[in-house]
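Observations on the model geometry
One-letter residues, chain by chain:
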Amino acid sequence: MKLLEGKTAIITGASRGIGRGIAEVFAKNGCNVAFTYLSSVEKGEALAKELEAYGVKAKGYRSDASDYAAAEQLIADVVKDFGTIDAVINNAGITKDNLLMRMSEADWDAVMNINLKSIFNITKAVQRTMLKQRFGSIVNMSSVVGIKGNAGQSNYAASKAGVIGFSKSIALELGSRNIRCNVIAPGFIETEMTAALPEETVQGWREAIPLKRGGTTEDVANLALFLASDLSSYISGQVINVDGAMLT
Ligand code: NAP
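For clarity, every value in this text was computed on a predicted model and none was experimentally measured.

Summed over the entire model, instances satisfying the criterion amount to eight salt bridges. Notably, a salt bridge pairs Arg-20 with Glu-24, separated by 3.4 Å at the nearest N-O pair. Separated by four residues within a single helix, Arg-20 and Glu-24 lie in helix α1 (residues 17-28), roughly one turn from each other. Connected via shared salt-bridge partners are Arg-20, Glu-24 and Glu-50.

What follows deals with the environment of Ala-65. In this structure, Ala-65 sits in the loop between β3 (58-62) and α3 (68-82). Judged by its relative accessible area of 8%, Ala-65 falls in the buried class. Spatially, the C-alpha atoms of Ala-65 and Gly-83 are 21 Å apart, while their sequence positions differ by 18 residues. When residues no more than four places from it in sequence are discounted, the contact partners of Ala-65 are Ala-92, Ser-118 and Asn-121.

Following the sequence through the fold, Ala-110 ends up in helix α4 (residues 105-133). In sequence terms Ala-110 and Tyr-156 are 46 residues apart; their C-alpha atoms lie 9.9 Å from each other. When neighbours within four sequence positions are excluded, Ala-110 is seen to be in contact with Ile-94 and Lys-96.

Moving on to the packing of aromatic side chains. Within the structure shown, the criterion is met by three aromatic pairs. Residues Phe-35 and Tyr-37 carry aromatic rings whose centres are separated by 6.3 Å and whose planes lie at 45° to one another, so their mutual orientation is tilted. The same class applies to Phe-35 as to Tyr-37, namely buried. Above the plane of the ring of Phe-82 lies Lys-57, whose end atom (NZ or CZ) is 5.0 Å from the centre.

Attention now moves to the site of the ligand. Not every one of the 29 residues close to the ligand is listed here, only the nearest: Ser-15, Ile-18, Ser-40, Asn-91 and Tyr-156. Interatomic distance of 2.9 Å between a side-chain N/O atom of Lys-160 and an oxygen atom of the ligand. Between the ligand and Gly-187 there is a distance of 3.4 Å, counted from an oxygen atom to a backbone nitrogen or oxygen. Against a free-state accessible area of 900 Å², the protein chains account for coverage of 93% of the ligand. Counting only elements with at least two residues in the shell around the ligand, the list comes to α1 and α6 (154-174). Here the residues of the shell around the ligand are counted per class, giving 14 nonpolar, 12 polar and three charged.

Moving on to the sheet that holds strand β5 (residues 136-141). Reading across the sheet, the seven strands line up as β3-β2-β1-β4-β5-β6-β7 and stay open at both edges, with parallel pairing between neighbours. In this open sheet, the two strands that pair with only one neighbour each are β3 and β7 (239-242). The sheet shows a mean angle of 20° between the axes of neighbouring strands, taken without regard to direction. Relative to strand β4 (residues 87-90), strand β1 (residues 8-11) runs parallel, the two being bridged by three bridges. Directly across from Ala-9, in β4, lies its bridge partner Ala-87. In the packing of α6 onto the sheet, contacts are made with β5, β6 (179-186) and β7, and the angle to β6 comes to roughly 160°. Where helix α9 (residues 217-228) meets the sheet, it contacts β4, β5, β6 and β7, and its direction lies at approximately 170° from that of β6.

Rules of the game
Here the residue index of a chain counts from 1 through its sequence in written order. Where totals are concerned, whole chains, interfaces and linings use all residues; where local detail is concerned, this predicted model gives features only for residues with pLDDT of at least 70, and gives and counts side-chain atom pairs only at 80 or more. Side-chain numbers come from the whole structure's heavy atoms, not from hydrogens or water. Counted as salt bridges are all cases of a side-chain nitrogen of Lys or Arg within 4 Å of a carboxyl oxygen of Asp or Glu. A run of H or I in DSSP becomes a helix once it reaches four residues, and a run of E becomes a strand once it reaches two; helices and strands are each numbered from the N terminus. Three exposure classes are used, based on accessible area relative to the maximum for each residue type with a 1.4 Å probe and protein chains only: buried under 20%, partly exposed in between, and exposed over 50%. By the convention used here, residues are in contact when the closest approach between their heavy atoms is within 4.5 Å. Classification of ring pairs rests on two measures: the distance between centres of Phe, Tyr or Trp rings, Trp counted by its six-membered ring, which must be within 6.5 Å, and the angle between planes, read as stacked under 30 degrees, edge-to-face over 60 and tilted in between. Comment: the charge-over-ring label is applied if NZ (Lys) or CZ (Arg) is within 6 Å of the ring centre and within 35 degrees of the ring normal. Neighbouring residues are identified by heavy atoms, a residue being near a molecule or strand if any of them is within 4 Å of it. Here a polar contact means two N or O atoms within 3.5 Å. Within protein one must be a hydrogen donor candidate and the other an acceptor candidate, and residues neighboring in sequence count only if both atoms are side-chain atoms. Working definition of accessibility: Shrake-Rupley area with a 1.4 Å probe, residue cover restricted to the visible protein chains. Just so you know the grouping, Ala, Val, Leu, Ile, Met, Phe, Trp, Tyr, Cys and Pro go in nonpolar, Asp, Glu, Lys and Arg go in charged, and all remaining residues, Gly too, go in polar. DSSP bridges decide pairing: two strands pair if at least two such bridges lie between them. A fitted line through C-alpha atoms represents every axis, and for helices the fit uses only the stretch in contact; the resulting angles, taken between N-to-C directions, go from 0 to 180 degrees.

Here it is as structure tokens:
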């Protein structure tokens, strides 16, 4: 059964990593996929072709999620190209880790703007479409770090905790219009980025996780699939960890 047959989703930051994994799982499940990227232009263009091979409509947009006006333009373009937006996956995110003592104002602002303001930008821009159709699922990407905190990541943790507060508020605000909003909090997910780290470091992290492995992008994508689909039609305002019981 294809869980998203005939639906349209927009996924931010899908040129790499988790966003890319979500785009693939959605396309396999019959979803038309609009997605964004910023610097990885070639990867973004290649992804559209790869997704189309699943028989769905797919289009990439180069758009900075932290830019308010760009987000408005993006949503207008996607509605024009696809006709509707049933689900939004706000996935784009960055880290600029440092101890507070060494953290610059620029690093604080960049992380807040790309991880948190982006979610305000896109959700605000898409709400008119969802209100009109009285249907929508918004899925925002947080992190276990947004729940627990992490030394050296105060900017990232603050942005990801902000995502949770924003999402619960939106679930309350838009629930009466049948618009749901949920949060995914991934733990340690193995991507190209973590593949560049020393093997002993990564192995140490895996051993500290009760399920004894890092997560895959597909592990996260499968939860996004459930939350975007009608299987989760009575689930809203929730934060669900995909962390192998790391925070338990
Ligand atoms: P990643 O591999 O670094 O990919 C990040 C994606 O976001 C890329 O496609 C990138 O596009 C895009 N992006 C960055 N800045 C952008 C902007 N201003 N506008 C639009 N797109 C932008 O990261 P990831 O590991 O897949 O992480 C995805 C999300 O999951 C993030 O929100 C992250 O905080 C969260 N997360 C990840 C983990 C983990 O272990 N990996 C754990 C917890 C939470 P370009 O390459 O084109 O710039």
